[in-house]
Amino acid sequence: MHALEISLTAELERLAAAGLTRYRRLLDSPCGTRAVVEGRAVLAFASNDYLGLAAHPDIARALADGAMKWGAGSGASHLVSGHLTPHAALEARLAAFTGFARCLTFSTGYLANLAVTPTLAAGRDDAIFADRLNHASLIDAAQLSRARHHRYPHGDMAALERLLAASAAKTRVIVSDAVFSMDGDLAPLAELFALAERFDAWLVIDDAHGFGVLGEEGRGSLAHCHIPAHPRVLLMGTLGKAAGVGGAFVAGSEIAIEYLLQKARSYIFTTAQPPAVAAALVKSLELIQAGDARRAHLQNLIRQLRAGCADLPWQLLPSQTAIQPLMVGDNAQAQALAQSLWERGLWVAAIRPPTVPAGTSRLRISLSAAHTQDDVAALTAALRELA
Ligand SMILES: Cc1ncc(COP(=O)(O)O)c(C=O)c1O
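Residues numbered from 1 in each chain as written. Predicted model: local features only at pLDDT ≥ 70, side-chain atom pairs only at ≥ 80, totals over all residues. Heavy atoms only, no water.

## Focus on the packing of helix 4 (residues 85–98) against helix 12 (residues 275–289)
Where helix 4 contacts helix 12, the two axes come as close as 8 Å, and the packing angle between them is 25 degrees. In terms of axis orientation, helix 4 runs roughly parallel to helix 12. For helix 4 against helix 12, the interelement crossing comes out left-handed. Mapping the contact onto sequence places Pro86, His87, Ala89, Leu90, Arg93, Leu94 and Phe97 in helix 4 and Pro275, Ala278, Ala279, Leu281, Val282, Leu285, Glu286, Ile288 and Gln289 in helix 12. Here the residues of the contact of helix 4 with helix 12 sort into 12 nonpolar, 2 polar and 2 charged. (Axes fitted to C-alpha atoms, helices over the stretch in contact; angles between N-to-C directions. Helix = DSSP H or I, 4+ residues; strand = E, 2+ residues; numbered from the N terminus. Parallel < 35°, antiparallel > 145°, perpendicular 65-115°, else oblique. Left-handed = near helix turned anticlockwise from the far one by under 90°. Contact = heavy atoms within 4.5 Å. Nonpolar A, V, L, I, M, F, W, Y, C, P; charged D, E, K, R; others polar.)

Below you can see the structure in the form of structure tokens.
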């Protein structure tokens, strides 16, 4: 072992002893509810493909056609020479769909989040107010800024109000997941918007798990909660979950988006996503918009799962979204339950710290419109048997 590797090995051993080693399962089939994983066929409840679009043939065809027409790569960042017609078309479609004046696209949601908060609140005189359960990318984004970082207890609007009232910051940015990625609950968006108005703050909303699923025609959590496309609001949505492809967008006012385009380092200093991906996403947006039947089916599956899990020894968290976490608590027990389901041909991810707080390890059951009622019945039957 090289001397440099000694401390790495010690940390890897510490993770293993705490039951926190992470493994990647190798998928040998397209993303879908029926998956071939490490040589066996399983029923999967693990992806974020909430509408079942990841392997949709129309999107795959748009991707292939896009590649034939526009080539494989964009060749540069958007501001150098990598901004192609499919990117512009996608931006325009996303702005119209979300109701905002303008939008920028990114290769990942992680990069999109890194673009917004530290650009709006860059200086030491600024302040960021973040829900404690925000996604890691929002936490990392705040750490890229010199602004003060206040974290309020999950969903606690009174605590947020106190922090805002006590702040003398020049620029205030409130930032929250819309649908919390590991809990599935919806942030109090109306209250967040009201506080942003009262304290003249920006409101940055990460709708990774609401876009495509919630709101009229899948327009997302802001539409679901009737929050207007106000100039103080910036909406981030990811395009690798319900949209089934990859990438992300930030939508906002003409000026806010121009400001990000000029200043956001994770927009400026990275190669634009392949234009074919943008072409595939235009098709995906059409399917999202026409996807009321998918969304209604998903809602039925959510109700079915919740009813089927009602009398288990583990509680489902109070989520009305496709993310249905079954709280176990202990790392090893969560892992063991996931393993027992796996042995029954059911793939559900066990989520452990640091992704969730210590003592709250859980199974993150992720439902998709591609599941059938029989699929959900198979999962609830297996959980009852294991209880
Ligand atoms: C709430 C939230 N924000 C942002 C991201 C990052 O998006 P992406 O996977 O496109 O980088 C994720 C998940 O990956 C997420 O769950």
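## Remarks on the pairing of strand 3 (residues 102–106)
Within strand 3, 4 of the 5 residues are buried, leaving the element largely enclosed by the surrounding structure. Pairing analysis gives 5 bridges linking strand 3 to strand 9 (residues 248–252), with the strands arranged antiparallel. In the sheet register, Arg102 faces strand 9, and the bridge partner there is Gly252. (Buried < 20%, exposed > 50% of the residue type's maximum accessible area, 1.4 Å probe, protein only. Pairing = 2+ DSSP bridges.)

## Remarks on the sheet that holds strand 9
Here 7 strands make up an open sheet; going across it, the order is 3-9-8-7-6-4-5 and the pairing mixed. The open sheet has two free edges, formed respectively by strand 3 and strand 5 (148–152), since each of these has just one partner strand. The mean inter-strand angle of the sheet, taken between neighbouring strand axes irrespective of direction, is 20 degrees. Running over the sheet, helix 4 touches strand 3, strand 8 (233–238) and strand 9 and is turned about 125 degrees from strand 3. In the packing of helix 8 (residues 189–198) onto the sheet, contacts are made with strand 5, strand 6 (172–177), strand 7 (202–206) and strand 8, and the angle to strand 7 comes to roughly 155 degrees.

## Description of the domain arrangement of the protein chain
Per the domain assignment, the segments making up the protein chain are domain 1 (19–51 + 292–386) and domain 2 (57–289). Domain 1 and domain 2 are separated by 27 Å when their C-alpha centres are compared. With 21 residues of domain 1 at the interface, the matching set in domain 2 holds 19 residues. Carbon and sulfur atoms supply 59% of the area buried between domain 1 and domain 2, which totals about 1,500 Å² over both sides. Where domain 1 packs against domain 2, one counts 1 salt bridge. Scanning the region where domain 1 abuts domain 2 turns up 8 residue pairs in polar contact (both at pLDDT 80 or more). Of all elements in the fold, only helix 13 (292–308), strand 11 (323–329) and strand 14 (361–366) reach the threshold of two or more residues within the side of domain 1 that touches domain 2. It is helix 13 that provides the largest number of residues to the side of domain 1 that touches domain 2, a total of 4 residues. Among the residues making up the side of domain 1 that touches domain 2, the classes are represented as 10 nonpolar, 5 polar and 6 charged. (Domains from an automatic or database assignment. Buried area = accessible area lost by both parts, 1.4 Å probe. Salt bridge = Lys/Arg side-chain N within 4 Å of Asp/Glu carboxyl O. Polar contact = N/O pair within 3.5 Å; in protein donor to acceptor, adjacent residues only side chain to side chain.)

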